[in-house]
Amino acid sequence: MDYRMDDTPAHLYPVSPNAGGHTNSSSRRTSRASSLRREFDVAPSSSGQQIKSPENPDPPVRKVIVVEPPSPQQLPAQASENLESSAPDPESGQEQVGWDFVLPFIPAPASLTPGPGGASGFNITTIVGALQHGADEQVVQTYFNYFNPMIIEQHINDSIAGVPAIFFAAATNNDRILRAFIAFGGDINAVHEPSQVPLIAFAIAHSETIEKDTSDIVATLLSMGATPRAIPEAFYVPYFRDLAEEGPSDEELKDVATSTMRWLNKEARAKLARTVHLTNRYNLERALKTKRPSARHWQIAQPQQVLSELLSNLAVPSKRPLVLVFAGPSGHGKTEMARRLGYLMNLQPLVVDCTIVKREIELFGGRDPYINAARGTPLNNHLAKYHGERSIVFLDEFEKTSSEVHQALLLPFDNGEYQDRRNGDKIDCSKTIWVIATNALDDKIRNFCQEHGATIWNGDDEVKQARLMKALSKELKEGFLSHFSAPVTGRISAFMPFLLFSPGEQAAIAHKYLLELGRKVRDPVKLSADSEERFVGNVRLHIHRDASISTSFTESELKMATQTVSIPKEQLAAVRVGGGDSATAPLKTVPVTLPGPGEILVKINWTGLCASDKSLIHDEWAGFGVSMQPDANGIAGHEGAGTVVAVGEGEEDRWKVGDRAGVKWIASTCGTCEFCTNGVDECHCPTQKNSGFTIAGTFQQYCLASGRYTTRIPEGVTDEEAGPIMCGGVTAYTACKRSNVRPGQWIVLPGAGGGLGHFAVQYARAMGMRVIAIDGGPEKEALCKQLGAEFYIDFKTTKDIPAEVVKITTYGAHGVIVFPATKEGYESAPHMLRPGGRAVAVGLPKDTSVVAGAPPLMMALKKLEFVGSVVGTLKDVEEALDFTARGLVHPILTKGELKDLDHYCQQMIQGKLVGRAVLKV
Ligand SMILES: [Zn+2]
Ligand SMILES: [Zn+2]
């Protein structure tokens, strides 16, 4: 719409019974304009006039209501009379004059129509009143257009009830209204006189009053030059720091000017801390530092500076078009920069997605006899449309297209000429700006950021930053040259590297998305009778500690993004040093091996520490001829859980990067022998490989694993829980199955409070068995009972344990699983069993003389069974994990770090470990 000063002022403002009449105290001070919102429609008569109002939403008949122009004194006088009493008294001598950041209520004006000729009658209270009652930017513009700009400028900074008019403009949360005020000289650094609260602080805190995000208004104020210094730096430097609930401490605010401290009382401090969220903090800090734009700032904050520099080059006429290369990872501002470039030049850039353009004909279109030649392609038509004029073409993901397309671009790049495929007309495209965007050089940029991140992101040495950026541009140019064919590279006018965002900047971007989400979630609920769709809405989203949420959010995203492209050449692993009891496993740097056919590479997140790992590191089973094999490279561990970072040949259908995977004791089986194919005995495959025994295990960051035999970790099971289930969990679970104890029957679990035992109590219970737990001390008793044991026998205080079991069960238990790796454990087991009972051997004593069984007389007369059990099959592991996914079994974890492996081995030896030790890798 086009408003002109000479439009007939036949526009009006619908009369409401309430207009000007609000005096009751509850609605006196309000910022919830929505409840008072009315339709304002100020359309010029020339474009057909319609009146909309709640009473008359869509008048079928054109109707004109003529409202008397208000006398200049009438309404405003009334308003200020009403308000004066409620305005805080600026003369009160208190040290701190607080303000609750809520604007006074201004009555709605009866009309927005000025006096005849528009020469008189401008009244700031009129427009402020209309704003508070829902007038939009068109109403404001139209009203302003009635008057001489000088008259508006004279009054734009007037106060209404002690509050500058621009506060009311900011309170609309509509940045176009705010910009209209600023255009007429509205003071962006205005203060609320009685309290001295600056506009920027009001704009931030106001979000709480209207329960809407106001960061756009804050950003507008800052971009128009509002000083961030009006708010103490402690609130937003560094921007990625979450604030305490009560805001910065007195200590942090000790250098703040007394004039600021005057309004920044306890309540204001807390309110500001609640509302100055990550996006606001980022904008404030950025505004504070704009005087010295860093290499980073030009990219995300001040692209105009670089662009205007570039544009000044354009002033020199040339036959050759400008060809720019924007190099950098997706999502780091390339498209944004192209959009800004277009915005500055008032042009809509044409974006060509090069991933779908492989042939020259697809880019430019077929020539005449071809079908569809007459229609032309978007690029062809874009160039034709801007014949001889400035235009922008953005070639996104340039590396994805073919060299045929590269070649085809040479002509327009070179000569600034092009032939319209539709009709053969010659097109002048010498003024076209070509932007080539590419991710092909991401590795170079990533490496650069890794190496120089500290200097680029946080450093103050501008000279050094500039030098680094120059070196990077040069390196990228070389990279571009080797990646793309020479003819194309020869036409490039300039290279622009787009660096990765720092973690803090990533967080700020994530926060912006969260706010956007909040806005969407808050959209009103739509009920639709004939649709299955259901809409959520009217929800208030509170994001406290926004930086930490956004940071972890982006870190996980960033990790995923970087892992797909870069796997380091070296990593840390706990490698065995020395031998026997004194052996240790300190962290060492070892190479990372990429997966071969049939393999995947798993980035281990957590690894459990099993007693077998301790035994292998200390070579405890040498007596049985069982020692860590050379191919293990001294790296133990077989309870790993993490994420797939690379997939070897032939495993693409089974795994993709980002899948969660568990690495277990059996690393792989042959898949063809009798044991592998009988469906139950693959654990006895003679050519199996074992993690941390025959091949390197999970005590390393990047573990090679078999694609076929690695376990997929289900939803609902975390990595730190999944790790210990890979061996400890599945061993306990399989042993429970091996016991043959049925639901309602008795099972005895010696060592029930230990790493394996505490799993077994839970599985046995979940499988319906009645559990008698044996361990020492009241703490273990509490644990076992909590996990579901029906009886607890303390071996420290019970003389005859088998007798106690018989007392509980009448004839003895149906099963017993021997977890303790001790002679006593194996000797006492048969005595606890009833006739037909079964004992399961799981614990592996160092002492070679220990035998699992019973004296033959007892064995025969009681018809006992003794069986062994070792880990479980791939299927058993899946079943064991499923108990956890269903919330039935949870390992008790002692969490540590891989670097402290030796410490946890010692704890295990001393029996001090609670539950299962799991180490962060
Ligand atoms: Zn184990
Ligand atoms: Zn096999």
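From a predicted model like this one, the values you see are computed outputs, not experimental measurements.

Let us look at the overall build of the protein chain. Looking only at helices and strands, the protein chain has 33 helices and 28 strands in total. For the protein chain, the residues scored as buried account for 51% of the 921 residues in total. Taking all contacts inside the protein chain whose residues are at least 6 apart in sequence as the whole, residues at least 24 apart take part in 73%. Summed over its atoms, the accessible surface of the protein chain is roughly 43,400 Å², and 52% of this surface lies on carbon and sulfur atoms.

The next subject is the coordination of the zinc ion (ligand 1). The protein atoms that coordinate the zinc ion (ligand 1) are Cys610 (SG), His638 (NE2) and Cys727 (SG), at distances spanning 1.9 to 2.2 Å. Here the donor residues of the zinc ion (ligand 1) are spaced in sequence according to C-x27-H-x88-C. Here Cys610, found in the loop between strand S14 (599-609) and helix H24 (611-617), pairs with Cys727, found in helix H26 (residues 719-738); they are 117 residues apart in sequence, far enough to count as distant.

Moving on: the sheet that holds strand S23 (residues 791-794). Here we have six strands laid out as an open sheet, ordered S23-S22-S21-S24-S25-S26, and parallel in their pairing. Taken across any chain shown, the strands that pair with only one partner, and hence form the sheet edges, are S23 and strand S26 (865-868). Neighbour-to-neighbour, the strand axes of the sheet open up by a mean angle of 20 degrees, direction not taken into account. Of the strand pairs in this sheet, strand S22 (residues 770-775) and S23 are connected by four bridges, and their pairing is parallel. Residue pairing across strands places Ala773 opposite Tyr792, the latter belonging to S23. The sheet contacts of helix H28 (residues 778-787) involve S22 and S23, and relative to S23 the element is tilted by about 160 degrees.

What follows deals with the sheet that holds strand S11 (residues 494-497). Within a sheet, adjacent strands bond to each other through the backbone by hydrogen bonds, running parallel or antiparallel. Pairing is parallel in the open sheet, where five strands are placed in the order S6-S7-S10-S5-S11. Each having just a single partner strand, strand S6 (350-353) and S11 make up the two edges of the open sheet. The sheet shows a mean angle of 20 degrees between the axes of neighbouring strands, direction not considered. Here four bridges tie S6 to strand S7 (residues 391-396), and the two strands are oriented parallel to one another.

Tallying each qualifying case throughout the model produces 28 salt bridges. Among the ionic pairs, Asp659 bridges to Lys656, the shortest N-O distance being 3.2 Å. For Asp659, a relative accessible area of 10% translates into the label buried. Where Arg886 meets Asp882, a salt bridge forms, and the shortest distance between an N and an O atom there is 3.1 Å. Judged by its relative accessible area of 37%, Asp882 falls in the partly exposed class. Each of Lys737, Lys875, Asp876 and Glu879 takes part in salt bridges that share partners, so that together they form one network.

Here we come to the pairing of S22. Of all six residues making up S22, five are buried, and the element is well covered by its neighbours. Pairing between strand S21 (residues 746-750) and S22: five bridges, direction parallel. Looking across to S22, one finds that Leu749 is bridged to Ala773. Remark: the S21/helix H27 (residues 757-766)/S22 crossover connection has right-handed handedness. Tracing the backbone out of S22, into H28 and back to the parallel element S23 gives a crossover that is right-handed.

Now for the side chain of Asp213. Within the secondary structure layout, Asp213 lies in the loop between helix H8 (199-210) and helix H9 (215-223). Overall, the relative accessible area of 11% leaves Asp213 in the buried class. One polar contact links Asp213 to Ser215, side chain to side chain, over a distance of 2.5 Å. Among the polar contacts made by the side chain of Asp213, one reaches the side chain of His277 at a distance of 2.7 Å.

The next subject is the confidence of the model for the protein chain. Any segment with low pLDDT has predicted coordinates that should not be analysed in fine detail. Confidence in the prediction for the protein chain averages 79 pLDDT; 76% of positions are at 70 or higher. Predicted confidence for residues 528-536 stays below pLDDT 50, and this span has five contacts to residues more than four positions away or in other chains.

Okay, the coordination of the zinc ion (ligand 2) next. Here the zinc ion (ligand 2) is held by the protein donor atoms Cys670 (SG), Cys673 (SG), Cys676 (SG) and Cys685 (SG), which lie 2.1 to 2.4 Å from it. Considering all four donor atoms around the zinc ion (ligand 2), the spread of angles at the metal, 103 to 121 degrees, places the coordination shape in the tetrahedral class. Within one chain, the residues serving as donors to the zinc ion (ligand 2) are arranged as C-x2-C-x2-C-x8-C. In this pair, Cys670 sits in the loop between strand S17 (666-668) and helix H25 (674-677) while Cys685 sits in the loop between H25 and strand S18 (689-690), placing the two residues 15 residues apart along the sequence. Note on Cys670: relative accessible area 30%, which makes it partly exposed.

As for its position among the elements, Thr687 is in the loop between H25 and S18. With 17 residues separating them along the chain, Thr687 and Cys670 place their C-alpha atoms 6.2 Å apart.

Formed by 80 residues in total, the largest nonpolar core has its most connected members in Phe699, Leu749, Tyr763, Ile817 and Leu901. Of all the elements, H26 adds the most residues to this core, at nine residues. The two domains that each donate at least three residues to this core are domain 3 (570-713) and domain 4 (725-890). In this structure, Leu103, Leu222, Leu264 and Val276 belong to the second largest nonpolar core, which totals 68 residues.

By secondary structure assignment, the location of Thr126 is in helix H3 (residues 124-132). When neighbours within four sequence positions are excluded, Thr126 is seen to be in contact with Pro109, Ser111, Leu112 and Tyr143.

What follows deals with the environment of Gly812. In this fold, Gly812 is placed in the loop between helix H29 (801-809) and strand S24 (813-818). Considered as a pair, Gly812 and Gly837 are 25 residues apart in the sequence and their alpha carbons are 8.3 Å apart. Those residues in contact with Gly812 that sit more than four places away from it in its chain are Val806, Met832, Leu833 and Arg834.

All right, on to the packing of aromatic side chains then. Under the definition given, this model contains 22 aromatic pairs. Through a chain of ring-to-ring contacts, three or more aromatic side chains come together here, namely Phe122, Tyr143, Phe144, Tyr146, Phe147, Phe181 and Phe184. Across the ring face of Tyr702, the terminal group of Lys603 is positioned such that the distance to the ring centre comes to 5.5 Å. The residue whose ring lies beneath Arg712 is Trp655, and the NZ or CZ to ring-centre distance is 4.3 Å.

Take the packing of H8 against helix H11 (residues 266-275) next. Packing of H8 against H11 leaves a shortest axis separation of 8 Å and a crossing angle of 75 degrees. By the angle between their directions, the pair H8 and H11 is classed as roughly perpendicular. Residue-level contacts link Ala201, Ile204, Ala205, Ser207 and Glu208 of H8 to Lys271, Leu272, Arg274 and Thr275 of H11. For the contact of H8 with H11, the residue count by class is four nonpolar, two polar and three charged.

Buried residues of helix H33 (residues 901-909): Leu901, Tyr904, Cys905 and Met908, and no others. Buried residues in H33, looked at end-on, bunch into an arc of 105 degrees, giving them a common side. Packed against the buried residues of H33 are strand S12 (570-574), S14, H24, strand S27 (893-897) and strand S28 (916-920). Gly911 sits one or two positions beyond H33 and adopts a positive phi of about 70 degrees.

Residue Pro238 follows Val237 across a cis peptide bond; omega there is -5 degrees. Of note in the backbone geometry, Glu397 takes a positive phi value of approximately 55 degrees without being a glycine. You can see Glu397 is positioned in the loop between S7 and helix H18 (403-415). A residue is classified by how much of its surface remains accessible, and Glu397, at 19% relative accessible area, is buried. A positive phi angle, near 55 degrees, is found at Asn633, a position not held by glycine. You can see Asn633 is positioned in the loop between H24 and strand S15 (640-647). Taking the relative accessible area as the measure of exposure, Asn633 reaches 52% and is therefore exposed.

The buried fraction of H27 is high, at eight of 10 residues. Turning to H27, its buried residues number three or more, namely Gly757, His758, Phe759, Ala760, Val761, Gln762, Tyr763 and Ala764. Next to the buried residues of H27 lie H26, S21, S22, H28, helix H32 (874-885) and S28. The first or second residue beyond H27 is Gly768, which carries a positive phi of 90 degrees.

About the criteria used
Residues numbered from 1 in each chain as written. Chains lettered and ligands numbered in written order. Predicted model: local features only at pLDDT ≥ 70, side-chain atom pairs only at ≥ 80, totals over all residues. Heavy atoms only, no water. Helix = DSSP H or I, 4+ residues; strand = E, 2+ residues; numbered from the N terminus. Buried < 20%, exposed > 50% of the residue type's maximum accessible area, 1.4 Å probe, protein only. Contact = heavy atoms within 4.5 Å. Areas by Shrake-Rupley, 256 points an atom, 1.4 Å probe, with all protein chains shown as cover. Donors = N, O, S within 2.8 Å, 3.2 Å for Na, K, Ca; no water. Pairing = 2+ DSSP bridges. Axes fitted to C-alpha atoms, helices over the stretch in contact; angles between N-to-C directions. Salt bridge = Lys/Arg side-chain N within 4 Å of Asp/Glu carboxyl O. Right-handed = clockwise from strand over helix to strand, strands pointing away. Polar contact = N/O pair within 3.5 Å; in protein donor to acceptor, adjacent residues only side chain to side chain. pLDDT = per-residue confidence, 0-100. Tetrahedral: all angles 85-135°; square planar, octahedral: opposite > 155°, others 65-115°. Core = buried A, V, L, I, M, F, W, Y, C linked by side-chain atoms within 4.5 Å. Domains from an automatic or database assignment. Phe/Tyr/Trp six-rings, centres within 6.5 Å; stacked < 30°, edge-to-face > 60°. Lys NZ or Arg CZ within 6 Å of the ring centre and 35° of its normal. Parallel < 35°, antiparallel > 145°, perpendicular 65-115°, else oblique. Nonpolar A, V, L, I, M, F, W, Y, C, P; charged D, E, K, R; others polar. Arc of directions from axis to C-beta.

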